[in-house]
Amino acid sequence: QVQLVESGGGLVQPGESLRLSCATSGSIFSVYEMGWFRQAPGKQRELVASITSGGTTNYAESVKGRFTISRDNAKNTVYLQMNSLKPEDTAVYYCTAGRRLSSGRYYADSWGQGTQVTVSS
């Protein structure tokens, strides 16, 4: 089991940037694929970005070109750099540790507590 603690959320204006961090402990971080989900009020939870142990990344279409996921295996930490933020990016963002199922879908085994990101003028 992996313990996950997110930080870096907050209130920003449209067009600004934020970087979320997720510190992990309790297991071998480097073997997991890591993912960031988000959930806005009244909307379904969405996988925003993921990164494999080898550094291969995937992004939701809604954030491609604006968000960048990265990981530092030496620090057991994963990041989400969010640029050109829009009001529709407002959500609670969750860090996860998981794996790919045989279907190709990302499955999250462990979740952080979430951090609020609000984009508003």
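Because the structure is a prediction, the values reported are computed rather than measured.

Novice: Just checking my understanding: could you explain the nonpolar core for this structure?
Specialist: Burial of nonpolar side chains together is a common tendency in soluble globular proteins. In this structure, Met 34, Trp 36, Phe 67, Val 78, Leu 80, Met 82 and Tyr 93 are the most contacted members of the largest nonpolar core, which totals 28 residues. Where this core is concerned, the elements lending two or more residues are strand S3 (18–25), strand S4 (33–39), strand S5 (46–51), strand S7 (67–72), strand S8 (77–82), strand S9 (91–100) and strand S11 (115–119). A total of four residues in this core trace back to one element, the largest contributor, which is S9.

Novice: I'm lost on the sheet that holds S7 in this one. Help?
Specialist: Either a parallel or an antiparallel arrangement is found when strands of a sheet pair, and the pairing is made through backbone hydrogen bonds. The strand order S1-S3-S8-S7 describes an open sheet built from four strands, whose pairing is antiparallel. Every other strand in the sheet has two partners, leaving strand S1 (3–7) and S7 as the edge strands with one partner each. Between one strand and the next, the sheet's axes are offset by a mean angle of 15°, whatever the strand orientation. Where S7 and S8 come together, six bridges link them in antiparallel fashion. If you follow Ser 70 over to S8, its bridge partner there is Tyr 79.

Novice: Explain the state of the cysteines here, please?
Specialist: Two cysteines form a disulfide when their sulfur atoms are joined by a covalent bond. For the coordinates displayed, the defined rule picks out one disulfide. Paired by a disulfide, Cys 22 and Cys 95 hold their sulfur atoms 2.1 Å apart. Every disulfide takes its handedness from the sign of the S-S torsion; for Cys 22 and Cys 95 that torsion is -80°, giving left-handed. Placement of Cys 22 in strand S3 and of Cys 95 in strand S9 is noted, with a sequence separation of 73 residues between them. Take Cys 22: its relative accessible area is 0%, and that puts it in the buried class.

Calculation criteria
- Residues numbered from 1 in each chain as written.
- Predicted model: local features only at pLDDT ≥ 70, side-chain atom pairs only at ≥ 80, totals over all residues.
- Heavy atoms only, no water.
- Core = buried A, V, L, I, M, F, W, Y, C linked by side-chain atoms within 4.5 Å.
- Buried < 20%, exposed > 50% of the residue type's maximum accessible area, 1.4 Å probe, protein only.
- Helix = DSSP H or I, 4+ residues; strand = E, 2+ residues; numbered from the N terminus.
- Pairing = 2+ DSSP bridges.
- Axes fitted to C-alpha atoms, helices over the stretch in contact; angles between N-to-C directions.
- Disulfide = S-S within 2.5 Å.

In short, shape yes, function no, at least from these values alone.
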